[in-house]
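# Understanding the architecture of this molecule
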Amino acid sequence: MSEAERVAAPSTRMGVSFRVAPLGDIRGNLATLLGESLPALIGMFYPPSVGKKANVAVTELIQNVVENIVDPDSELQLELRVDAEALEVQVRNKATQTQYEAVRDRIDAVAQTADPRRLLGETLRARRADRLKGGLGLLRLVSENRFRLSARYEQEHLTVYAVFPLGGIV
Amino acid sequence: MNILTYCEIMDGGASVFHCVAREDEGSLLVTFSGVVRVDNPARHLSEMLTDLRQILPGRAIERTVIDFTELEFCNSNGFYSIMDVIELVYATVQGPVLVRRLEEDDWQQETLPILLNLDEATVAARTSFEDVREI
């Protein structure tokens, strides 16, 4: 299918659901496996740029979970949806109130800044000496990929939402 | 071209990333290819950085090309490592730097200029871009 044909068929709706438990069983790079599968899958129906964005979002959000497991017996859930309106990625996992607040603060900070690229640059340079990683992935999703982020905390579970509007692109 | 030094990252038993520094008649070519996804890429790049620190100051480099067009993906864990290589190149060689990057890649268009530190006037003055269309 040519690029023009894919663009001409924006009504396709697709979704991917994935869950795994216990998280302590994860061996290898789960974020990579999930992220790398998406460009080809989404590329069947949408322009390559949509698959690339899905790859970045899933990789960064899953990596955040894997690097911050609070309960090795708990579950990770991934929901991805694409239609003519938006690409939406949700990642849900068990987290502490403190972890949620840290994520929420980062999302609020990037939402409130007029220049996310400048914030990413300042954050990178401020944290580089100590190689601190926290928050770079979320910042990148907004600064680089123009996702809208939000987070919800209920029943000891954190859900991070990343939404990219596709109106006008497909 | 002469290979000065290189770095390879293996992940899950497969070769997933290469960074190679080559020199030819006053030109330095640094290429990044593959994917940066491992947890701590700096651990893999440290030997190459040591090599570059020793090799580059003694070379008569007049111009540099840094090529990202074969780099398919870089997660945020890789940002500092990319910065380490770029910063070392700018600090140890003189002359203009041409950055080859993909025209339709959010990372290479949006975040790479931040990693290059183009806000720094001396860096910006030496840097130009060649945007390459992905086939």
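Residues numbered from 1 in each chain as written. Chains lettered and ligands numbered in written order. Predicted model: local features only at pLDDT ≥ 70, side-chain atom pairs only at ≥ 80, totals over all residues. Heavy atoms only, no water.

So, on to unusual backbone geometry. Omega for the peptide link from Ala21 of chain A to Pro22 of chain A comes to -5 degrees, which places this bond in the cis form. Even without glycine at this site, Glu156 of chain A takes up a positive phi of about 65 degrees. Within the secondary structure, Glu156 of chain A sits in the loop between β4 (148-154) and β5 (157-165). Although it is not a glycine, Asn117 of chain B adopts a positive phi angle of roughly 65 degrees. Note that Asn117 of chain B resides in the loop between α3 (106-116) and α4 (121-126). What makes Asn117 of chain B partly exposed here is its relative accessible area of 23%. (Helix = DSSP H or I, 4+ residues; strand = E, 2+ residues; numbered from the N terminus. Buried < 20%, exposed > 50% of the residue type's maximum accessible area, 1.4 Å probe, protein only.)

Let's shift gears to the interface of chain A and chain B. Taken together, the contact pairs 29 residues of chain A with 28 residues of chain B. Carbon and sulfur atoms supply 44% of the area buried between chain A and chain B, which totals about 2500 Å² over both sides. For the pair chain A and chain B, the number of links is nine salt bridges. The partner of Asp105 of chain B in a salt bridge is Lys52 of chain A, with the nearest N and O atoms 3.3 Å apart. Listed by contribution, the elements that provide at least two residues to the side of chain A that touches chain B are α2 (30-43), α3 (48-67), α5 (116-128) and α6 (136-143) of chain A. Per element, the largest residue contribution to the side of chain A that touches chain B is eight residues, and it comes from α3 of chain A. (Contact = heavy atoms within 4.5 Å. Buried area = accessible area lost by both parts, 1.4 Å probe. Salt bridge = Lys/Arg side-chain N within 4 Å of Asp/Glu carboxyl O.)

Each aromatic ring pair is described using two quantities: the centre-to-centre distance and the angle formed by the ring planes. Taken as a whole, this structure holds five aromatic pairs over all chains when the rule is applied. Taking the centre distance of 5.2 Å and the plane angle of 15 degrees together, the rings of Tyr100 of chain A and Tyr153 of chain A count as stacked. Linking Tyr100 of chain A in helix α4 (residues 97-112) with Tyr153 of chain A in strand β4, this pair joins segments that are 53 residues apart in sequence. When its relative accessible area of 23% is taken as the criterion, Tyr153 of chain A is described as partly exposed. Put simply, the rings of Phe17, Phe32, Phe68 and Trp107 of chain B pair up and form one aromatic cluster. (Phe/Tyr/Trp six-rings, centres within 6.5 Å; stacked < 30°, edge-to-face > 60°.)

Before going further, it helps to examine the side chain of Gln63 of chain A. In this structure, Gln63 of chain A sits in helix α3. Note on Gln63 of chain A: relative accessible area 10%, which makes it buried.

Bringing the sheet that holds strand β2 (residues 14-24) of chain B into the picture now. Residues and elements named next belong to chain B. Spatially, six strands are ordered β1-β2-β3-β4-β5-β6 in an open sheet, and the strand pairing comes out mixed. The strands lining the two open edges of the sheet, one partner per strand, are β1 (2-11) and β6 (127-132). Across the sheet, the mean angle from the axis of one strand to that of its neighbour is 15 degrees, orientation sign disregarded. Sheet analysis places β2 next to strand β3 (residues 27-36), joined by eight bridges and oriented antiparallel. In the strand pairing of β3, Cys19 is matched with Phe32. Sheet contacts for helix α1 (residues 41-55): β1, β2 and β3; angle to β1, the most-contacted strand, approximately 170 degrees. Across the sheet, α3 lies against β4 (63-74), β5 (97-102) and β6, angled at about 150 degrees from β5, the strand it touches most. (Pairing = 2+ DSSP bridges. Axes fitted to C-alpha atoms, helices over the stretch in contact; angles between N-to-C directions.)

Once that is clear, we can look at the confidence of the model for chain B. Across chain B, the average pLDDT comes to 92, with 100% of residues at or above 70. Interface confidence in the predicted complex, given as ipTM, is 0.86; pTM for the same model is 0.88. (pLDDT = per-residue confidence, 0-100.)

Looking now at the nonpolar core. Formed by 84 residues in total, the largest nonpolar core has its most connected members in Leu87 and Val89 of chain A together with Phe32 and Phe68 of chain B. The greatest single-element share of this core, amounting to nine residues, is contributed by helix α2 (residues 79-92) of chain B. Filtering out sequence-adjacent residues up to four positions away, Val89 of chain A remains in contact with Ala57, Val58, Leu61, Leu78, Glu79, Leu80, Val160, Tyr161 and Ala162 of chain A. (Core = buried A, V, L, I, M, F, W, Y, C linked by side-chain atoms within 4.5 Å.)

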